[in-house]
Amino acid sequence: MSLRGVSVCLFLLLNFRGIALESVSISPDNLLVITVATRETEGFQRFLQSAKHFNYTVKVLGLGEEWRGGDVANTVGGGQKVRWLKNEMQKYKDREDLVVMFVDSYDVIFAGSPNELLWKFSQFNHKVIFAAEGFCWPDRSLAEKYPEVISGKRFLNSGGFIGFAPYLYQIIQQWKFKDNDDDQLFYTHIYLDPESRENLDITLDHKSRIFQNLNGALDEVVLKFENGRVRARNIAYDTLPVVIHGNGPTKLQLNYLGNYVPNAWTFEEGCGTCDNNLLDLSQLQDEEYPRVLIGVFIEQPTPFIPEFLERLPSLDYPLSKISLFIHNKEVFHEVHIQAFWEKHKETFPSIKIVGPEENLSHGEARNMGMDFCRQDPECDYYFSLDADVGITNPETLRILIEENKKVIAPMVSRHGKLWSNFWGALNTDGYYARSEDYIDIVQAKRVGVWNVPYITEVYLIKGETLRTELKNKNMFTLNGGDPDMIFCKNVRDKGVFMHISNRDEFGRLISTDKYSTTHLHNDMWQIFENPVDWKEKYIHENYSKIFDEDYFEQPCPDVYWFPVFTEKMCDELVEEMENFGDWSGGKHEDVRLAGGYENVPTVDIHMNQINFEKEWLHFLREYIAPVTEKLFPGYYTKAHAVMNFVVRYRPDEQPFLRPHHDSSTFTINIALNNKGIDFQGGGCRFLRYDCKIESPRKGWSFMHPGRLTHYHEGLPVTKGTRYIMVSFVDP
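Residues numbered from 1 in each chain as written. Predicted model: local features only at pLDDT ≥ 70, side-chain atom pairs only at ≥ 80, totals over all residues. Heavy atoms only, no water.

1. Overview of the overall build of the protein
Check the secondary structure of the protein and you find 18 helices and 44 strands. Each principal axis of the C-alpha distribution contributes one length, and for the protein these read about 120 × 55 × 50 Å. The 731 residues of the protein split such that 57% are buried. The contacts of the protein with a sequence gap of at least 6 include a subset with a gap of at least 24, amounting to 77%. Summing over all exposed atoms, the protein offers an accessible surface of approximately 32,200 Å²; the carbon and sulfur share of this is 47%. Looking at the protein, you have 78 positive and 104 negative side-chain charges, and the mean spots of the two groups are 3 Å apart. (Helix = DSSP H or I, 4+ residues; strand = E, 2+ residues; numbered from the N terminus. Buried < 20%, exposed > 50% of the residue type's maximum accessible area, 1.4 Å probe, protein only. Contact = heavy atoms within 4.5 Å. Areas by Shrake-Rupley, 256 points an atom, 1.4 Å probe, with all protein chains shown as cover. Lys, Arg positive; Asp, Glu negative; His and termini not counted. Charge placed at Lys NZ, Arg CZ, Asp CG, Glu CD.)

Structure representation (structure tokens):
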């Protein structure tokens, strides 16, 4: 049934101009919503979207005109709204059948239908109803003049009121003040006059049956999910308000409610508005794509920087439309930036690099990067990207642009953690507070595009927005403090929404908390802090096939051969050992051992000598133990090893190793370089089976029993240098 086809029967007695009207039938066609907006902000668009959802008829006053009503967000004002409304109501002053509702727009959403509104209006049995709140504003001295209220909010709020058109006209035609005088004070004086209150039949919505003002009532309002719908429920009075007003300092709470009410997200349907107003880039030619400036910020020593930088030219976006601004604060990373520039200086139209010699603060660097886009009229988007963000989805930039938001961030979090790049709420001091839905959003139990108060690390901003609402070039440094918090506050203060999307998997945050730069290849030590990135960089791409496709070989009885390390891991481990340089010399006397004697000595360096033993044992547990249990069913390893070392074989140093047993339940032996390229000869022979393995593959590991059955020897290296990594597991 159409909403407009339904009539609401109102049984009331009107006494207007001496005319008695009984049993008046009011159709939703005779309901008019009037609002004021000078700019089409995102709050205004949200208001219209909620009105459209319920099929309200809305008249907007003031669009495109200059606002002269004062700074109503921080002080008194708003009289200009009354002046505009006064002029508009001239048209309806004789429409006795018309119900008019006035509401603000930037901070208002509809939660119920016109039918529900009119039914609730009829239950009041009054001609005019104003919203109510718990604060007497703007003149607290008037509080005692208000009628006593046994239950509910006592004081008038002018952000929403409803009534028959002739009655509202009688109220508003009394306005004779300035545009920057206070509208709420004007309505308050009329209401507090007993004669006016009686003659105009005015009351307040004390229990939020129609109007819910959030200021002073945040603890009273919760979301109610039921039968595919979501409402804001006032639990203090057990009411379901039709109009939600984020008055005063409650804009963020309204934004939170607006993520759900009226149809933005439900458990049954998910996001109901995510596909509204999307852009489609799929039909564009490369030269038609928007121009993007990517601002890259390396503000502290950060692991996996080369991998981070190489993801930039891997984005699924025309590189001819991407320019780079790179701020690097760390001398440690200059070698990485230089290598990237040498490789890709012709890949992008321009690369601007600002190094540590400029001594820019975090905020100053971000101001500079953002202003490069702001000052360029051809810059369509600014994509800010911190170095601790691993963007693994190459379509990220395209996806964010197609979302068509002024400011939007891809949701990323640390692996296995709740630490992400957004806050769902703020406390009273403007710092982090956990919203009710934060965990569900981070864990993708609720998927959508969310209006949030704080984003960081990575986000996309329209260039047009930077040149209009966010045109201040000091967005990150105004008033001091944390640059990201300052930026987000400035964005919020301009009425610009910040969105976070978890509709796609975009990547993850890199932990920098315990990153040390004291080694040659520091990323090797990141197996605990950043296990996913460590695996991507150092574990062989075919490792998972061991389990999925039986991707291993058995060159000798109970000797298995499988991929485990990337070439990068092999090279860096060798380089780390050579950089350390304290090779044992291959003698029986060995002070590193508890007994001081090695029966079968090699030229080697132990993992504990380079402070890598803890990380290596974790590698054994994570990557070797599962292989052991697959290849030797029924044996469950503790993956403990005392002897973990890199061996070096050279013709003029130690070319081979005599036959021996290993002091282990099983041994792994990983080839760290290439036969035929780095060395000649070498290999391993198992004497019991007279079985040789003479062509080990770089990054592949042998696994064989250590005691009793697999007596073996190292075959002579005839040229070059051979490196292997050995662990005696479960000694």
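There is more to say, and it comes next.
2. A word on the packing of aromatic side chains
Using the criterion set out here, one finds 51 aromatic pairs in the structure. Ring centres 6.0 Å apart and planes at 80° place the aromatic pair Tyr432 and Tyr438 in the edge-to-face group. Judged by its relative accessible area of 33%, Tyr432 is partly exposed. Positioned over the ring face of Tyr191 is Arg197, at 5.1 Å from the centre of the ring. (Phe/Tyr/Trp six-rings, centres within 6.5 Å; stacked < 30°, edge-to-face > 60°. Lys NZ or Arg CZ within 6 Å of the ring centre and 35° of its normal.)

3. Focus: the sheet that holds strand β35 (residues 641-649)
As summarised here, the arrangement of the 7 strands in space is β32-β33-β41-β37-β44-β35-β34, forming an open sheet in which the pairing is antiparallel. Two strands lie at the open edges of the sheet, namely β32 (553-556) and β34 (604-606), each paired on one side alone. The average angle at which neighbouring strand axes cross in this sheet is 25°, direction not considered. Alignment of strand β37 (residues 666-671) against strand β44 (residues 722-729), held across 6 bridges, turns out to be antiparallel. Paired with Ala671 across the strands is Ile724, a residue of β44. The strands touched by helix α18 (residues 613-631) within the sheet are β33 (559-563), β35, β37, β41 (700-705) and β44, with β35 carrying the most contacts at an inclination of about 95°. (Pairing = 2+ DSSP bridges. Axes fitted to C-alpha atoms, helices over the stretch in contact; angles between N-to-C directions.)

4. Details of the pattern of salt bridges
Evaluated as defined, the whole model comprises 46 salt bridges. With a shortest N-O distance of 3.2 Å, Glu66 and Arg68 are connected by a salt bridge. For the residue pair Glu66 and Arg68, the accessibility class agrees, reading exposed in each case. One salt bridge in this structure joins Arg503 and Asp275, with 2.7 Å as the shortest N-O distance. With Arg503 in the loop between β30 (498-501) and β31 (507-509) and Asp275 in the loop between β17 (270-271) and β18 (292-298), this pair connects stretches of sequence that are 228 residues apart. Using a relative accessible area of 54% as the deciding quantity, one classes Asp275 as exposed. (Salt bridge = Lys/Arg side-chain N within 4 Å of Asp/Glu carboxyl O.)

5. Topic: the sheet that holds β30
Spatially, β20-β19-β18-β21-β29-β23-β30-β27 is the arrangement adopted by the 8 strands of the open sheet, whose pairing is mixed. The two strands at the open ends of the sheet, each matched to only one other strand, are β20 (351-354) and β27 (449-452). When the angles between neighbouring strand axes are averaged without regard to direction, this sheet yields 20°. One ladder, built from 3 bridges, connects strand β23 (residues 407-410) with β30; its direction is parallel. The partner of Ile408 across the bridge, within β30, is His499.

6. A few points about the nonpolar core
Residues Met89 and Tyr187 are the most contacted members of the largest nonpolar core, which totals 61 residues. When residues of this core are assigned to their parent elements, the largest contribution, 6 residues, is made by helix α4 (residues 165-172). With residues up to four places along the chain from it excluded, the contact list for Tyr187 reads Val82, Leu85, Phe130, Leu156, Ser158, Phe161, Ile171 and Ile172. Grouped together as the second largest cluster of nonpolar side chains are 50 residues, Trp265, Tyr382, Phe422 and Tyr459 included. (Core = buried A, V, L, I, M, F, W, Y, C linked by side-chain atoms within 4.5 Å.)

7. Some remarks on the environment of Pro626
Tracing the chain through its elements places Pro626 in helix α18. By relative accessible area, which is 29% here, Pro626 ends up partly exposed. Discounting residues that sit within four places of it in the chain, Pro626 has contacts with Tyr543, Phe547 and Arg621.

8. Topic: helix α7 (residues 251-258)
Of the positions making up α7, those classed as buried are Leu254, Asn255, Tyr256, Leu257 and Gly258. Looking at the packing, one finds that the buried side of α7 touches α1 (42-54), β8 (108-110), β13 (221-226), β15 (243-245) and β27.

9. Brief notes about the environment of Asp107
Within the fold, Asp107 resides in the loop between β7 (99-103) and β8. Considered as a pair, Asp107 and Thr709 are 602 residues apart in the sequence and their alpha carbons are 78 Å apart. Discounting chain neighbours no more than four positions away, the residues touching Asp107 are Arg46, Ile244, His245, Gly246, Asn247, Lys251 and Leu254. Within the structure, Asp107 has its side chain in polar contact with the side chain of Lys251 (distance 3.2 Å). (Polar contact = N/O pair within 3.5 Å; in protein donor to acceptor, adjacent residues only side chain to side chain.)

10. Let's talk about the pairing of β44
Of all 8 residues in β44, 8 are buried, a share of seventy percent or more. Covered by surrounding structure in β44 are Arg722, Ile724, Val726 and Phe728 together with Tyr723, Met725, Ser727 and Val729, the residues of both alternating faces. Examined bridge by bridge, β35 and β44 share 8 bridges and lie antiparallel to one another. Following the sheet pairing, Phe645 is matched in β44 by Val726.

11. Some thoughts on the confidence of the model for the protein
Overall, the predicted model of the protein reaches an average pLDDT of 94, with 97% of residues at or above 70. Scored below 50 in pLDDT, residues 1-24 makes 59 contacts in the model with residues more than four places away or belonging to other chains. (pLDDT = per-residue confidence, 0-100.)

12. A short note on the state of the cysteines
What makes a disulfide is a covalent bond joining the sulfur atoms belonging to two cysteines. Counted by the stated rule, this structure contains 3 disulfides. Sulfur-sulfur distance for the disulfide between Cys271 and Cys274 comes to 1.9 Å. Judged by the sign of its S-S torsion, about 95°, the cystine formed by Cys271 and Cys274 is right-handed. Taking relative accessible area as the criterion, Cys274 reaches 7% and is therefore assigned buried. Note that Cys556 is cross-linked by a disulfide to Cys691, the S-S spacing being 1.8 Å. (Disulfide = S-S within 2.5 Å.)

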